[in-house]
Each structure stands twice: as C-alpha cells, then as structure tokens.
Amino acid sequence: MVNSRWTAAILGGASQALAQSYQSVPSYVSHPDRTAAVKEAFQRSWDGYYQYAFPNDTLLPISLSYENDRNGWGASAVDALSTALVIGNQDVINQIVDHIGTINFNATAPESTNVSLFETTIRYLAGLLSGYDFLTGPLKQYAKDQASVDKILEQAIALADILSVTFDTPSGVPINTLLYSSDGYHVGSDTTNGIATIGTLVLEWTHLSDITGDDKYATLSQKGEEYLLNVRNPDVGEPYPGLLGTDVNIADGTFADSSGGWNGGTDSFYEYLIKMYVYDQDRFGAYKDRWTAAVDSSIQYLASHPTTRPDLTFLAAYDGKDQLSFVSTHLACFDGGNFILGGLTLDNDQYTQFGLDLVEACHDTYTATVTQIGPEVFYWQDGNVPVNASNNAPPPTNLSEFYASAGFWIPPGDGDYVLRPEVVESFYYAYRATGDTKYQDWAWDAFLAINATCSAGAGFSGITDVNVAGGGSFDDFQETFWFAEVLKYSYLIQADDAEWQVNAGHDNTWVFNTEAHPLLVKGTPI
C-alpha cells in the first residue's frame, strides 16, 4: 500500500501548504497547579515504594509488598532519580543516591537471576548516567557531597564492565541475556537478538565512553549497531528502504525475518537513530540518514487511515514487503514524538506535521475509552486496502459500534494499561515543537484519568481493561517507568522552561533516552 496523502510530500518536494511551518521558536507557559499535582503523585508513589518495597525493585501497591523483577538492585529507585532531580525533591534524591552507593552488581536477588542487557542499560545504566550529568552540571546544588556523585559514575562503570561480556560473540551482536548464579555470571544461549535490544544501547554506552574517555563501551555497542545500519541480507532484513526485520542472528549479524514496524521489539531502534544525531551530529550522520530512510518509507508504505475515521493516521506493522497488519500498540505511540523530534532537528516540516497527525490519533485512543486511557493493543480496518482482503478484516460484530465512532477496536484481553508513558511522551514533544497549549491540556487530562483510575493502595497500579468503568481490576504492580517516564513527562510539559527541556530552537543540550533519562549531548547542540 502506498499512502497517497503523504507520498507527494516526501517524494515530490511538496508545497509548504501541506504542512504548517515550525521554524519560529514557540513560547511556553507553565502551570504551577498542575506541576504540584504531579509532584504529589510522585511523592505518594515514592512513599509507598520506600515503605513497602525499597531497596527491592518494584512496589506491589495493593499487596503492600515488592517484586524483584529487575534483579533486585532497586530498579524503581534508580529509575526515579532523574525525575526526582528535575522536580527538585531533595529528600528522595538523597535516599536514591545513598542507595546507589550500596548496590552490588556482582550478585542478583535469588529470585531474579536473568539479567536483560537492554532493560538494564535503559533503566539502570542510563539512570546512573543521567543522575551523574545532572549532579555534576545544572543540578549540582542537590549533590550531598562529591564522593557520593563520584560513586554514581563508579557504579555505572562497574555495571557496564559486567554487561560487556554479552558482546563477546562471533559477530559482535550482543546476547541480551546474562545469567547469574552462586558462582558468578555467564551469557545466555540466545541465537538471535532483536533490533530494539541491539539498537537501544548505543546512546548510553557511547555516553559512558564520552564521560570516562574509554572508547571500549562505545565500540562494543556500535559494532552490533553496524549490522542494523548496513543490512547484510536486505532481501530478508530490509523489506522497505530503512525499515528492517526484527530478529538478527547472533552468529553472523544477518536478519532472521522480515517482520517489523514501530511496535515493541523494533521501536526504540528507530527512536535512537535520530537521537544519536542529536547527541553528536559530527559522529552520527549515518544514523540520521537511516532514520530519514525509515521515516520516508513509513510515510509512504505504512501510513494508514481507518475506514470509519479517515482523519486518523496510524502506522501499520508488516510481515515482509506488501504484507501489512493493521495493528498498533500503546508502545508505538512514541512514534509521533520521534517524528516531531526529527522534524525539528532537520528543519523538515513534513516530518513534524506527520508526527503531529500521529499524536492526534494516539490522543483519540485515550478519549474514546470509558476510562479516558488508551489500550495496550488496538486494530483498525484500512481505508485504502480492499475491505475483503485477507489482512483487512472488519471488527468483530460486538465491537463494530465502538469502531464506527472511535476508528479502532480493542481485541479481547488487550485492553490493559500498565502505566505506560508513550502517549504523554508524544504530547510533550508536540507541545515543545509548537507551543500549542492544547497538548498541555491533553497531558493533564491523561494525568487526571490515570490518577483517578490507577491510584491504588500505597501507590499506582496497572489496570486490566481501559474500556470499562474503573478499569476492570488492578494488576497490583507499579512499574519502574511510572517514575522515570509518565511522571517526568507529565511534569515537564506543564513546567517552567529549563535547559534539559526539548526545544525548537536548535540548541538542545540534552537528549532523552528511551526511559526518559536526560543525557548531556556531546556534540554541538542542534
């Protein structure tokens, strides 16, 4: 399927009438009442965690207990540090920094011995590096003493040195699993790794090299990335220019399949391509080129409009060239923000406008449900593909009325919400690009809905069904990214301007990792 609405814009040098110009730097407004409410939610979430779960990983807010789902190193604490810093919560900062100094990365909790290279990088390593950047830079007033700040970097180095063994493969494509036991740790037996789990390491590991002056961390992460930048078997691994399959053979770096899109398993690979260019345009021009190729192909081939709501724009998934699936996820709703960031960075109004269209559609996944919160998974019927095509089935009969008005339907069992951030994240980028306060209002509405529906016990919990009153039931789990992402984006979009805020003026000195940990850029701000 070729999307006619946008093909001319991207391939034919469209007129500026297609997209509003965002060249001027917008003005921003702050809402102290809203930021105060987010701070209260952060404090309530932290208090519950600190009382019932600390120093373990994750609060079970209803059971008033904990789970070590991230190896028992205090994932919620490390993930919360950069948010505690930007909201200025000195007590919590001190508690987290004190904890960081006590972590022993040479051992895990006995019930959590499988370590994910990807998850550990984006949550722990990035959380440490972001905290270090802030406490040695613009927020150094929150540092208790220099020794505790130095310890943060020492712990980041110690963690990366342990994780480094996962890159010791014939190709350099890392194995994502590190297995701990009583006699140490060893890599798993994985034969493939996904492009998100390979391609969402390079920002953090390169930044660690830039801080320490030791190139080994950047070299390790960039070697695996090379197989994604230069696909060895494009007939399998690159069904559309710039758009890749999902799994890569660890033995030789070739692709094992042709399935992909902007959903989980592939998403943050594309996210990091443009963010590496923001991080250092002199070193990572090739990453930018691959991002533009992926975005151009996404607009041309994956952009889709539901039959009942042609005003909405989603991105389809694919199982090879011309084999589209009209399904998306809450995870994929980061895509609007990423298109917007690329549009701002490259002065490309078409990318920015397309990103804003994606944001609008993801906003509708919230406003259409009973709880005003979006689902984990949703489907639609494409308006350009024949309605009798095997890949373009209508909704189940009992969901057709909902689809008629909403433009998507939620398959049974996929209406959960696990405190994910991506929709609010994209609202944040839309607001910072345009200065349009409607995006602040959308973020505030989302925060109020989540606060009303997910507040549970000693904190916040995921829910099982966004489209029934009360959200169905609670999953009794306060995800660590609730601290790192949802609360941070909910705060920043309403807050005063600051140097770590994304802006439209080509002077971004910080870039957010996929867990919303701000990292200080190395190159000339862009």
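Residues numbered from 1 in each chain as written. Predicted model: local features only at pLDDT ≥ 70, side-chain atom pairs only at ≥ 80, totals over all residues. Heavy atoms only, no water.

> Got a minute to help me understand the sheet that holds strand β4 (residues 177-181) in this structure?
The pairing of strands in a sheet happens through backbone hydrogen bonds and is either parallel or antiparallel. Spatially, 3 strands are ordered β3-β4-β5 in an open sheet, and the strand pairing comes out antiparallel. Either end of the sheet is taken by a strand with one partner, and the two such strands are β3 (114-116) and β5 (184-187). Strand-to-strand, the axes of this sheet are offset by a mean angle of 30°, without reference to chain direction. Here 4 bridges tie β4 to β5, and the two strands are oriented antiparallel to one another. Looking at β5, one finds that Ser-181 is bridged to Gly-184. (Pairing = 2+ DSSP bridges. Helix = DSSP H or I, 4+ residues; strand = E, 2+ residues; numbered from the N terminus. Axes fitted to C-alpha atoms, helices over the stretch in contact; angles between N-to-C directions.)

> What am I meant to see in the environment of Gly-261 here?
Looking at the secondary structure, you find Gly-261 in the loop between β8 (259-260) and α11 (267-279). For Gly-261, a relative accessible area of 0% corresponds to the buried category. When the C-alpha atoms of Gly-261 and Gly-471 are compared, they prove to be 29 Å apart, with 210 residues separating the residues in sequence. Not counting residues within four places of it along the chain, the set of residues in contact with Gly-261 comprises Thr-266, Tyr-270 and Tyr-318. (Buried < 20%, exposed > 50% of the residue type's maximum accessible area, 1.4 Å probe, protein only. Contact = heavy atoms within 4.5 Å.)

> Would you explain the state of the cysteines in this entry?
A disulfide bridge is the covalent bond that connects two cysteines by way of their sulfur atoms. By the definition in use, this model includes 1 disulfide. At a sulfur-sulfur separation of 2.0 Å, the disulfide partner of Cys-333 is Cys-362. Residues Cys-333 and Cys-362 are joined by a disulfide whose S-S torsion is about -90°; by sign, that bridge is left-handed. Taken together, the residues Cys-333 in the loop between β13 (327-329) and α13 (335-346) and Cys-362 in helix α14 (residues 349-367) connect sequence positions 29 residues apart. As far as the burial class goes, Cys-333 and Cys-362 line up, both buried. Cysteine Cys-454 shares no disulfide, and the gap to the nearest cysteine sulfur, in Cys-333, comes to 16 Å. (Disulfide = S-S within 2.5 Å.)

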